[in-house]
Amino acid sequence: MTIDTKTSVRLTIDDTSVKAASGETVLSAARRAGIDIPALCHEEGMAAWGACRLCLIEVEGLDKLQAACTTQVADGLVVRTNTARTRAKRASYLRMYLSDHNSYCEAPCKDACPAHIDIPAYIKQIEDGDFAAAAATVRKEMPFPGILGRICPRYCEPVCRRGEVDEPIAICALHRAAGDHAPAALVSAHPSGHRVAVIGAGPAGLSCAWYLTAAGHEVTIYDKAEKPGGMLRYTIPEFRLPESDLDAELQPLWDAGVRFVENVALGVDINPYGLLQAGFDAVFVGVGAWQTMPSRIPGHEAMLDALRLLRDVGEGKKPTLSGTVAVLGDGAVAFDAARAAVRQGAQSVVLVSRHPADDVEAGQRELAAARAEGVQIEALTEAKRVKLRKGGKPTALECVRLEADASGKLVEAKGSRFELKVDVVISALSFAPDLGEGDDELTLSAWNTLEANHYTGRTKSEGVFAAGDAVTGAKSAIHALAGGKRAALSIDAWLRGVDLPELEAKLALYAGLPYLEQLADAPQLGELGQRLAERSPVWLKMGIAADRAARATMPTLAAAKRTTSFEEVERGLKKKAAQAEATRCLQCTCPSLGECDLQRLGVEYEITSNELVRPSSRVRSITPRYEHPFIRRDMNRCISCGRCVRVCRDVAGPACYDFRGRGFLMEVDTPYGESLQLAKCITCGRCVSSCP
Ligand code: SF4
Ligand code: SF4
Ligand code: SF4
Ligand code: FES
């Protein structure tokens with residue numbers, strides 16, 4: 001735009017002197033000067049509408065805020081676009097729009113799942129009755145929907161938006177249903193000619209083998225045990241994960257040609273360097289964390305090792321326990337040991353955790369199951385000493401209560417020392433990898449874990465990758481599976497010549513970007529980079545339109561049988577129940593993610609809490625219309641800015657849209673509610689591109 005100096009004016013916007021054509025609006029002059037004023041209803045080249053009120057500015061000499069899109073420039077005008085007052089007003093309008101916005105930018109459940117499974121997608125497939133497609137969707141990111149459906153701590157569920165209406169979706173039970181009601185399958189790509197060795201047949205190794213096989217590589221898994229599964233088989237008891245279900249989900253690996261070599265231990269029989277020498281193109285190390293780290297408290301020598309106990313139980317040795325059993329720790333191993341102790345004859349079982357009960361490491365699923373079986377939880381408690389009777393058997397556990405100090409650190413509460421009468425103490429506090437004699441090729445951290453790149457699992461030894469508990473220390477199976485998958489994707493890329501150090505540097509940089517920049521820059525990472533990237537979404541607070549409906553109840557083994565048998569406790573959802581549960585999902589995804597001004601402004605104005613959003617508030621709920629081949633009309637996302645109405649009428653011509661109703665009930669539709677085709681749509685797409 002050129003400005004005629006005879007008719008031009010000079011105004012000041014945010015302390016910058018700006019030349020503008022008389023008759024021009026402040027919004028247009030500001031934009032030309034590179035000053036951003038938010039505007040949702042304004043369409044460049046069209047008459048101002050002034051409806052959204054996002055462009056409000058302060059004009060010197062005027063009390064009221066003015067809309068920049070309707071305020072004309074004038075000589076000497078002094079304007080402020082970004083003051084506490086304008087920001088507060090814009091935030092209040094954004095809160096209003098978002099409170100009636102029946103949609104969501106992206107799914108928090110998917111973000112919270114360590115494997116980033118496309119949860120809304122598989123839930124939709126279950127709703128449609130296509131369990132095989134649902135299982136395939138889960139397997140794109142996590143190979144064992146049935147196994148994890150039985151044992152995962154469910155990181156996805158506490159953040160599920162459905163929880164704001166009634167209860168979170170039974171996400172975990174649903175992917176178990178997908179695994180249970182559809183045959184397991186692994187489709188491998190055309191053979192690549194590369195051979196990869198996987199050391200460790202636990203969750204990390206199995207997951208790595210799965211995705212390497214899918215990419216067409218020939219995989220051999222080595223493990224120190226007789227059968228594959230690692231912790232899944234040898235420490236998770238039957239009552240949580242029956243061996244037959246484990247075997248059924250692993251079967252596709254063997255069907256696809258993966259070799260399993262048993263009784264071969266890292267650092268004893270094999271090492272990565274030797275395997276590379278033997279002709280493997282890459283080696284993955286995922287040996288888990290099988291060593292219980294000794295407790296240092298007095299009397300620790302009388303403690304039983306939780307992993308040993310669970311292994312004995314798994315091997316059918318049926319160790320007998322009696323009296324009161326105390327389990328130290330609150331991870332999955334501790335809870336499994338406590339629940340196994342109940343079944344092995346303990347009169348009472350108490351689990352001693354340093355954390356509050358609602359924050360135990362194993363998650364609320366295990367806490368609830370253990371409590372249902374009579375396990376008593378001593379939360380925020382630390383064991384200080386095992387008192388021993390003559391002969392070295394425990395007689396009592398001396399404990400203290402913990403409380404948070406001013407900095408939030410847990411410290412001993414004064415005068416809180418107390419004793420628990422116990423007969424057996426089981427240690428499940430901390431675990432480290434068992435690396436045999438050690439390996440010069442692998443570097444260890446101060447915690448005795450393997451050092452490997454966080455994103456790719458690449459170690460300092462060329463061609464050697466590592467992930468899972470051996471790298472992170474003891475975490476849940478889903479973390480190990482996710483790590484194994486990331487390593488497999490990286491090994492595949494490395495074998496294809498991708499520069500992993502460069503990718504790792506990019507990913508580290510990306511992780512530090514603010515959310516909106518992450519959304520904008522994601523395509524530059526490429527497909528692999530996006531799957532390995534760490535993101536930090538900002539969760540806006542929006543209204544939800546949904547009728548209350550109870551969450552599916554997981555059928556469980558009869559109470560009387562639970563404490564006396566090792567039969568599976570959770571029995572799984574039948575198809576019909578799973579489909580009904582799937583209908584409760586709010587499908588928190590949006591095709592406009594990252595390209596939407598409303599989302600951008602919501603993030604910029606930090607609308608992450610919103611007093612206008614209440615469970616009882618009315619939120620629009622309008623069936624989307626997809627009759628046009630390219631134009632999806634979803635009025636649940638409409639903010640009634642009127643841009644499509646005006647652009648179709650004033651620029652394109654056919655005037656396909658108009659407003660219907662008033663106030664909160666207002667919506668945009670074709671003049672008689674007819675299809676766009678009947679409204680003489682010319683398919684120019686202007687309405688779509690003008691929608692903010
Ligand atoms: S991206 Fe935009 S339209 Fe989609 S849900 Fe978020 S705010 Fe709404
Ligand atoms: S694997 Fe765990 S965190 Fe991921 S979707 Fe399943 S239950 Fe949720
Ligand atoms: S409602 Fe559905 S998509 Fe939304 S967070 Fe919950 S499970 Fe995920
Ligand atoms: S009111 Fe000015 S852009 Fe909407």
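Treat the numbers as computed from the prediction; the structure is a model and nothing was measured.

Peer 1: Outline the sheet that holds strand β14 (residues 376-378), listing residues and values.
Peer 2: If you walk across this open sheet you meet the 5 strands as β11-β19-β12-β13-β14, and the pairing is parallel. Looking along the sheet, the strands with just one partner apiece sit at the ends: β11 (304-305) and β14. Pairing of strand β12 (residues 324-328) with strand β19 (residues 424-427), which is carried by 4 bridges, proceeds in the parallel orientation. By the bridge assignment, V325 is partnered in β19 with V424. Sheet contacts for helix α13 (residues 332-343): β12, β13 (348-352), β14 and β19; angle to β13, the most-contacted strand, approximately 170°.

Peer 1: Describe the sheet that holds strand β3 (residues 56-59), with residues and values.
Peer 2: Reading across the sheet, the 5 strands line up as β2-β1-β5-β3-β4 and stay open at both edges, with mixed pairing between neighbours. Looking at the sheet topology across the chains shown, the edges are occupied by β2 (16-21) and β4 (66-67). Bridge count between strand β1 (residues 8-13) and strand β5 (residues 78-80): 2 bridges; the pairing is parallel. Its bridge partner being in β5, T12 is matched across the sheet by V78. Taken strand by strand, helix α2 (residues 84-99) contacts β3 and β5, and its axis lies near 155° from that of β3.

Peer 1: Tell me about the packing of aromatic side chains, residues and numbers included.
Peer 2: Taken as a whole and judged by the stated rule, the model has 7 aromatic pairs. Both rings, one in F239 and one in F566, keep their centres 5.7 Å apart while their planes meet at 45°; by these two values the pair is tilted. On the criterion of sequence distance, the pair formed by F239 in the loop between α9 (231-234) and α10 (243-255) and F566 in the loop between α19 (559-562) and α20 (575-582) is long-range, its members being 327 residues apart. Take F239 and F566: they sit in the same class, and that class is buried. With centroids separated by 5.9 Å and ring planes inclined at 65°, the aromatic side chains of F465 and W494 adopt a geometry described as edge-to-face. Taken together, the positions of F465 in strand β21 (residues 464-466) and W494 in helix α16 (residues 477-495) put the pair 29 residues apart, joining distant regions of the chain. Taking the relative accessible area as the measure of exposure, W494 reaches 23% and is therefore partly exposed. It is R311 that lies over the ring of Y234; its NZ or CZ is 4.7 Å from the centre.

Peer 1: Describe the domain arrangement of the chain, listing the residues and the values that go with them.
Peer 2: With domains assigned, the chain is organised as domain 1 (8-82), domain 2 (108-184 + 545-582), domain 3 (195-290 + 433-498), domain 4 (294-429) and domain 5 (620-690). Computed from C-alpha atoms alone, the centre-to-centre distance between domain 2 and domain 4 is 30 Å. Contact residues are listed per partner, giving 14 residues for domain 2 and 11 residues for domain 4. Counting each side, the surface lost to burial between domain 2 and domain 4 is near 990 Å², with a carbon and sulfur contribution of 48%. Considering only the side of domain 2, the residues that lose the most area to domain 4 are R562, T563 and F566, jointly responsible for 57% of the buried surface there. At the junction of domain 2 and domain 4, the tally comes to 2 salt bridges. For R562, the salt bridge identified is with E373, shortest N-O distance 3.0 Å. One can count 8 residue pairs in polar contact (both at pLDDT 80 or more) joining domain 2 with domain 4. Considering each element in turn, the side of domain 2 that touches domain 4 owes the most residues, 4 residues, to helix α6 (residues 145-151). Partitioning the side of domain 2 that touches domain 4 into residue classes produces 7 nonpolar, 3 polar and 4 charged.

Peer 1: So what about the site of ligand 1? Which residues, and what values?
Peer 2: Looking at ligand 1, the residues that line it are H101, S103, Y104, C105, M542, C590, S592, C596, L598, Q599 and R637. Residue composition of the shell around ligand 1, by class: 6 nonpolar, 4 polar and 1 charged.

Peer 1: Describe the site of ligand 2, with residues and values.
Peer 2: Around ligand 2, a shell composed of C113, P114, I117, I119, C152, R154, Y155, C156, I171, C172, H175 and I478 is seen. Among the elements that line the shell around ligand 2, the one with the most residues is helix α7 (residues 171-180), at 3 residues. In terms of residue class, the shell around ligand 2 is built from 10 nonpolar, 1 polar and 1 charged.

Peer 1: Account for the pairing of strand β16 (residues 394-404), with residues named and values stated.
Peer 2: Alignment of strand β15 (residues 381-388) against β16, held across 7 bridges, turns out to be antiparallel. When the sheet's bridge partners are listed, T381 is paired in β16 with R401. The pairing of β16 with strand β18 (residues 418-421) spans 4 bridges and is classified as antiparallel. Residue pairing in the sheet places C399 in a bridge with F418 of β18. Pairing of β16 with strand β17 (residues 410-412), which is carried by 3 bridges, proceeds in the antiparallel orientation. Residue pairing across strands places E403 opposite V411, the latter belonging to β17. Linking β16 to β17, which pair antiparallel, is a turn of 5 residues; within it G408 sits at a positive phi near 95°.

What counts and what doesn't
The numbering scheme is per chain: residues are counted from 1 as the chain's sequence reads. Chain letters and ligand numbers both follow the written order, the letters beginning at A and the numbers at 1. pLDDT decides what is reported in this predicted model: residues at 70 or higher carry local features, side-chain atom pairs at 80 or more are listed and counted, and totals for whole chains, interfaces and linings draw on all residues regardless. With hydrogens and water excluded, all non-hydrogen atoms of the structure serve as input to the side-chain values. Criterion used throughout: strands pair if DSSP finds at least two bridges between them. Helix and strand assignments come from DSSP, with helices taken as H or I runs of at least 4 residues and strands as E runs of at least 2, each series counted from the N terminus. The contact criterion used throughout is that any non-hydrogen atoms of two residues lie within 4.5 Å. Only C-alpha atoms enter the line fits that serve as axes; for helices the fit covers just the stretch in contact. Angles between N-to-C directions range over 0 to 180 degrees. Stacked, tilted and edge-to-face pairs are distinguished by plane angle, under 30 degrees for stacked and over 60 for edge-to-face with tilted covering the rest, among Phe, Tyr and Trp rings (Trp via its six-membered ring) whose centres lie within 6.5 Å. Whether a residue is buried, partly exposed or exposed follows from its accessible area with a 1.4 Å probe, protein chains only, as a fraction of its type maximum: under 20%, in between, or over 50%, in that order. Any Lys NZ or Arg CZ that is within 6 Å of a ring centre and within 35 degrees of that ring's normal is treated as a charge sitting over the ring. Boundary definitions for the domains trace back to an automatic or database domain assignment. Buried area, as used here, totals the accessible surface that two parts lose on assembly, with accessibility defined by a 1.4 Å probe and the loss added over both. Here, a salt bridge means any side-chain nitrogen of Lys or Arg that lies within 4 Å of a carboxyl oxygen of Asp or Glu. By the criterion applied in these results, polar contacts are pairs of N or O atoms within 3.5 Å in which, for protein atoms, one can donate a hydrogen and the other can accept it, and in which residues neighboring in sequence qualify only through two side-chain atoms. All amino acids are sorted into three groups, where Ala, Val, Leu, Ile, Met, Phe, Trp, Tyr, Cys and Pro are nonpolar, Asp, Glu, Lys and Arg are charged, and the leftover types, Gly among them, are polar. Residues are classed as near a molecule or strand on a simple rule: at least one heavy atom within 4 Å of it.

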